[in-house]
Every structure is written in structure tokens, then in C-alpha cells.
Amino acid sequence: MNFAPDTRFCLPTSLTRRSNDYFRPTGRDWRCLRRCRHLGPAGRHVRRVCGAGSPTPEIGTRGITARSAGDWAHTPFGRRRQKRAIMKATGREIINGAAWVAVETWGRHLALFAVFVILARHLSPEAFGLAALAMVMPTIVAVPVTRGIPEALIQRPDVESIHFDSAFWLLAVTGSVLSGLVWAFAGVVAAAFGEPVLKDLVRWTSVVIVLQALAAVPAAILKRQLHFRLFALRTLAGTVVGGTIGISTAIAGYGMWSLVWMQVAKAAVETAFILLASAWRPRLRYSHARCRELFGFAGPLIGQSLWTFVNEEMPKVILGSFLGPYAVGVYALARRPLDLLCEAFLGPLTAVTMPAVARVQSEPAKIDAFFNSSIRVAAIAGFPAFLGFAAIAPVAVPFIFGPQWVSGVVAVQILMLLGLQRTIDNICALTILALGHSGLILKLNIAYTVLAMILLTAAVQVDLETTMAALLACNVLLLPVFLFLVHHIAHIDVLKPLTIFPRLAVAGLLMFAVVTAWLVAAPESTPQGFLIAGGIIGGAAVYVAAVIVLVRPDLLNARDMLLRLRRPA
């Protein structure tokens, strides 16, 4: 991986930097340049197409020099060509980045899904609950090294190489210190949940923090340049190796330890892969001033990310404190389909939202157009995924994960409704981050924490399903406030893309009704696999037909958006 400090899309050096060479083109040279369809490398292309260039010191064997290309780019014709080249390069890199993100996301989650299915059939809900509780503290404590600084490196328009070097060493030292703290306080965590076995589990999971710290800056460079191919290969390698270790140790009878070792192995392989495969290497230098430049954006983002992870882990803590590891294990199962569907169907789009918006952050019209189209595309893909899985959950959950998980069916169905909200708030949050307004998300996370602690603590006194309903209510109650603040601060029309949701809801409910009728009407002797396949096929057919009738203009607009990204204006 090559580090490019400039945020423009891989323009040739001759178009982004002026050299000391000087060349005053003749009339024939200008005519040749006007016939040239590419900006660069200008000399080689002109010589190949129309024979421009002469064996003079100014032109030489390489054709037009950097200075001449720069002068040409300042002409009206050159500016038009340059604008088209930038737009074309931007669109192609966004599309290519989204494609590689899709490969990485779907490949990783297909592998994780297969691993989870095998582990669920060999492990009890209590084992999953203990492993989930062991990851709570490392997940929260790792936020200062995994969030904030990496996003600041992506978002900052002008970055020097010393920014990356300084950030790397800062995060490496911070990650080592945090890992040591988690190791030292593992006994306190075990005592808080009343599970002595958690002490050793937490100590093993503390290693993940320093491993993630070492990979944070190289991963940020890849995302900044939209080079997702290496990033995808790294994640897939870690998933395969970690999943193999987890499955083999679970079959061997190591129980909850197999889940912990899987997480540690996955993090180790991912970090080793990116450090060895990347062309970028940190140099032994550090500038506190450069790190302070990043903290202006990273500080609020670290705070909001910390609150986000606290909110994500809060249900586990509350369930573990009141209902025990079994309830935590069932909740972990219920979250698995939600997380998988969010990453598989929404992940490729949300992964390119921040770098794409950051590159056009000075053009509100383009940001608004991207936001509008992204929300609609996410909703079109999200409604059938979440409502469809909720419809087949009564049969799919025990069939896929085993009969011991049948108690999680209702929790799965409730959390699928939460996925519908993810089609909105994920893109909203990333758009705001790309525009530099990270403080807004921090305030909303704090409000959510207060609301969730009140509702979840009251609901957990009843049962697990009531707690899941309270979790859904917390998100739904804050969504209007979130949208209002996004509109007010970022000047984005957040209501325009929501006009598609009532029509998608009709299509989704028709699909849900058809799938439910199929499951109820099918004979009891029907194999479960056939029931699931029939429900998916029938539901998909109904949804596609309804969408074509109800939201056909939006489908055409989404297609046009992708086509515009692939060609210059």
C-alpha cells in the first residue's frame, strides 16, 4: 500500500504539483492536446496518439512536462477535462471501493455465520453468555485506539506523513497500556457479575486491544485511499483462521474458551496480515503537535464512539446482572442475525459513505444528493431482509442454530424491527462525521444512555422479551430528535428520502403476510428446510412485485445514481 498525502483521487503528479521545468507549447502542441482524451501521463499519451512532443530539453522523450500539463490544466478546456477526470476517477473509486467492501463484508459474514451455526450447535447459551460478558470490558476500553484518530486521518483534507507516524506510535503505546489495565482489573469484572471464571476469560481478551491498536493506522490509510481490496483480504483471512480455531476447540470440548480464542486469533491474524502486506511502514518519529491537530476532530468522536459502545454493551451488562449468562447468550443469538443482515445489506454502502462525503464536503448539493439516494437504496434492501427474517424466524432459528435456542425466537423478531431504523441512522451518523460535526452524535448517545438505563432496568424485571421491546423503544423515541438535529446542523434534507418508507412498509407487510400464511398453512410433516426455502422464495417474489409497482421511480433513480458515478458529467 502506497501512502498518498493528497486527498484528490490519484491524479497524476503532473496535474497536482508544479515542477521547475518550463515549456511553452506551440499552436500544434495545443491542437494535439485538445485532441487528447486523457489528462495524463500527458506526454506519453500525446506522443502515442498524435505524435506531439519533440526531442527538445523542454519536452524530451517523455513528451509534455509537469509544468506544461499544469499550464494546460489552467485553460478553460483543461479545467473542463480536469473536472471530468476527477469526477470519473471519484466515481470509479467509490464503485470499486463499494464492490470490495461488499466482497469483504459478505464473505466475512458468510464465514462468521457458518462458524456461529456450528458453535451454536456445540455450545450452550450460558457459554455464549460468558464469552459475551468477557468481551464487554475490552470492547469498551479499546475505543480510544480504534476510533477517533483513524477517522480523523480519513477526514482531514491535508495530511502529512508525520501525522500517520505520530498516530501509529501514540495508538500503539495507548493500546499496550489499556491492555495492561484490563488484565489487572479482570478480577473486578468477574466479581461484579458473580462469575469467577470471567477473570481468566477477560485477561485473554485484553490482548485484542493492543492488536487492534497496531492495525488502526494502516487500516485508516487504506480507507482514505479507498483501497479496500487489501482490507478485504485481511478481514477474510482473520475470519477463516479465527473461525477454524473456534470450531476445532469447540468440538474438542473447550466450551466458552473456544469463543475467546477465536476472537484473539482473528485479531492477531488481521493485524499481522495488514502489517506484512502493507507497503506503508511507520518511522521512528513522533510529533505531539501533529497529534493535537487530529484531536480537534478525534476527541469528540472518541467520546461519542465510547458512548456508542457503552450503549451497545449496556443490554449485556443489565441482562447479566439481573437474569444471568443464559439471558446474555440468548441476546447474543438474537443480535447475530441483526448484525449479519446490517453488515451484509447495509455495510457496503455505509462503509463508503464517510470517505465519499468527506471528499465533496464543500459541495452541499452533492452531499444532499448522495444522502438522499443512499437512504433510499438502503431502505429498499433493508425492508425485505429484516421483515423477511422476522417472518421465518419461528422455523429458521431452531432449524439453523439448534432446538436449545428456540427461546430466542421472539427476541430475534423484535430486534429485526430495530434493523429498519439502521437504514436511516447509520448513514446519517456517517454523513455528519464526514462533515466534522461529531459532537452532535455524542450528545445523542448520552441522551440514549440515560433513556436506555431507565427503560431497560425497568423492563428486565419482567423478562427478556420485554427488555428487547424496551431496547427498540429507546431507538425509536430518539429517531425524530436525531433527524431534526441532523437537518439543523448539517443542512441536509432528511425528510425527502423518508417518503419512500410508507410504500416500502406496504410491500414489506405483504411479504410478511405471505410468508406467515405459508408457514401456518403448510402440513406439519413438511420438512423445515423446505418451509424456509418456500417462505424465502414466495416472500421475495411478492416483495419484488410490490416494489416494482410502488417504488419503480426510486429504483430508476438509484440506477441513475450508480451510472452517474461511473461516468463524467
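Computed from a predicted model, the values in this text were never measured in an experiment.

Student: I keep staring at the overall build of the protein and nothing clicks. Help me out?
Tutor: Looking only at helices and strands, one finds 24 helices and zero strands in the protein. Expressed as a percentage of its 569 residues, the buried residues of the protein come to 52%. Counted over contacts in the protein with a minimum sequence separation of 6, partners at least 24 positions apart contribute 83%. Here the protein has roughly 25100 Å² of accessible surface; of this, 66% comes from carbon and sulfur atoms.

Student: I'm lost on helix 6 (residues 125-134) in this one. Help?
Tutor: Spacing of three or four residues puts side chains on the same side of an α-helix, whose turn is 3.6 residues. Of all ten residues in helix 6, nine are buried; the element is thus mostly enclosed. Along helix 6, the residues classified as buried are Pro-125, Ala-127, Phe-128, Gly-129, Leu-130, Ala-131, Ala-132, Leu-133 and Ala-134.

Student: Teacher, can you tell me more about the packing of helix 18 (residues 364-401) against helix 19 (residues 409-434) here?
Tutor: When two helices pack together, you describe them by how their axes are tilted relative to each other and by the distance separating the axes. Relative orientation of the contacting elements helix 18 and helix 19 amounts to 170°, with a least axis distance of 9 Å. When the interaxial angle is binned, helix 18 and helix 19 end up roughly antiparallel.

Student: Is there a simple way to think about the side chain of Thr-271 in this case?
Tutor: Tracing the chain through its elements places Thr-271 in helix 15 (residues 256-277). Here the side chain of Thr-271 touches Ala-267 through a polar contact of 3.0 Å, landing on its backbone oxygen. With sequence-adjacent residues up to four places away left out, Thr-271 is seen in contact with Leu-211, Gln-212, Leu-214 and Ala-215.

Student: Mind showing me how you'd approach the pattern of salt bridges here?
Tutor: Where charged atoms from two side chains of opposite charge come close, those side chains can pair. Taken as a whole and assessed by the stated rule, the structure comprises nine salt bridges. Between Glu-270 and Lys-266 there is a salt bridge; the shortest N-O distance is 2.8 Å. Note that Glu-270 and Lys-266 are positioned in helix 15 at a spacing of four residues, about one turn of the helix. Grouping residues by exposure puts Glu-270 and Lys-266 together as buried. Among the charged side chains, a salt-bridge network with shared partners connects Glu-312, Arg-335, Asp-339 and Arg-422.

Student: For this particular structure, what's the right way to read the nonpolar core?
Tutor: Soluble globular proteins tend to pack their nonpolar side chains together in the buried interior. In terms of nonpolar packing, the biggest core is built from 146 residues, with Leu-153, Val-217, Phe-401 and Leu-504 touching the most fellow members. At 21 residues, helix 18 tops the list of elements feeding residues into this core. If we skip the residues at most four places from it in the chain, Leu-153 touches Val-159, His-163, Phe-164, Ala-167, Val-217, Ala-220, Arg-224 and Leu-294. Counting residues in each nonpolar core, the second largest holds six residues, with Ala-219, Leu-222, Leu-230 and Phe-231 among its members.

Student: I'm lost on the packing of aromatic side chains in this one. Help?
Tutor: Enumeration according to the criterion identifies nine aromatic pairs in this entry. Centroid distance Trp-204 to Trp-261: 6.2 Å. Interplanar angle 70°. Geometry classified as edge-to-face. Of this pair, Trp-204 sits in helix 12 (residues 198-205) while Trp-261 sits in helix 15, placing them 57 residues apart in sequence. Look at Trp-204 and you get partly exposed, because its relative accessible area is 42%. Of the residues examined, Trp-261 reaches a relative accessible area of 24% and is grouped as partly exposed. Look at Phe-383 and Phe-501: their rings are 5.6 Å apart centre to centre, the planes differ by 75°, and that puts the pair in the edge-to-face class. In this pair, Phe-383 sits in helix 18 while Phe-501 sits in helix 22 (residues 501-521), placing the two residues 118 residues apart along the sequence.

Student: Any chance you could explain the environment of Tyr-331 here in plain terms?
Tutor: Summarising the element assignment, Tyr-331 is placed in helix 17 (residues 325-359). On the basis of relative accessibility, which here comes to 1%, the residue Tyr-331 falls in the buried class. When sequence neighbours within four positions are dropped, the list of residues in contact with Tyr-331 reads Glu-312, Pro-315, Lys-316, Leu-319, Leu-415, Met-468 and Leu-471.

Student: Got a minute to help me understand a nonpolar patch on the surface in this structure?
Tutor: On the surface, Val-506, Leu-510, Val-544, Ile-548, Val-549 and Leu-550 cluster together into a nonpolar patch covering about 510 Å² of accessible area. Broken down by secondary-structure element, the contributors of at least two residues to the nonpolar patch are helix 22 and helix 23 (528-550). The element contributing the most residues to the nonpolar patch is helix 23, with four residues. Inspection of the secondary structure puts Val-506 in helix 22.

Student: Is there a simple way to explain the environment of Gln-528 in this structure?
Tutor: By the element assignment, Gln-528 lies in helix 23. The spatial distance from the C-alpha of Gln-528 to the C-alpha of Pro-398 is 9.5 Å, given a sequence separation of 130 residues. Sequence-distant contacts of Gln-528, defined by excluding residues within four places in its chain, comprise Val-395 and Phe-399.

Student: What exactly am I supposed to notice about the confidence of the model for the protein here?
Tutor: Atom-level detail of predicted coordinates should not be read off regions where pLDDT is low. In this model, the protein carries a mean pLDDT of 79, and residues with pLDDT of at least 70 account for 79%. Within the protein, helix 12 carries the highest mean pLDDT (94), whereas helix 1 (residues 13-16) carries the lowest (30). This model gives residues 1-70 a pLDDT under 50, and the stretch forms 115 contacts once residues within four places in sequence are excluded.

Student: For this particular structure, what's the right way to read the environment of Phe-228?
Tutor: Structurally, Phe-228 is set in helix 14 (residues 228-251). On a C-alpha basis, the gap between Phe-228 and Ala-351 in space is 9.9 Å, while along the polypeptide they are 123 residues apart.

Calculation rules
Residues numbered from 1 in each chain as written. Predicted model: local features only at pLDDT ≥ 70, side-chain atom pairs only at ≥ 80, totals over all residues. Heavy atoms only, no water. Helix = DSSP H or I, 4+ residues; strand = E, 2+ residues; numbered from the N terminus. Buried < 20%, exposed > 50% of the residue type's maximum accessible area, 1.4 Å probe, protein only. Contact = heavy atoms within 4.5 Å. Areas by Shrake-Rupley, 256 points an atom, 1.4 Å probe, with all protein chains shown as cover. Axes fitted to C-alpha atoms, helices over the stretch in contact; angles between N-to-C directions. Parallel < 35°, antiparallel > 145°, perpendicular 65-115°, else oblique. Polar contact = N/O pair within 3.5 Å; in protein donor to acceptor, adjacent residues only side chain to side chain. Salt bridge = Lys/Arg side-chain N within 4 Å of Asp/Glu carboxyl O. Core = buried A, V, L, I, M, F, W, Y, C linked by side-chain atoms within 4.5 Å. Phe/Tyr/Trp six-rings, centres within 6.5 Å; stacked < 30°, edge-to-face > 60°. Patch = residues over 30% accessible without salt bridge, like charges linked within 9 Å, V, L, I, M, F, W, Y side chains within 5 Å. pLDDT = per-residue confidence, 0-100.

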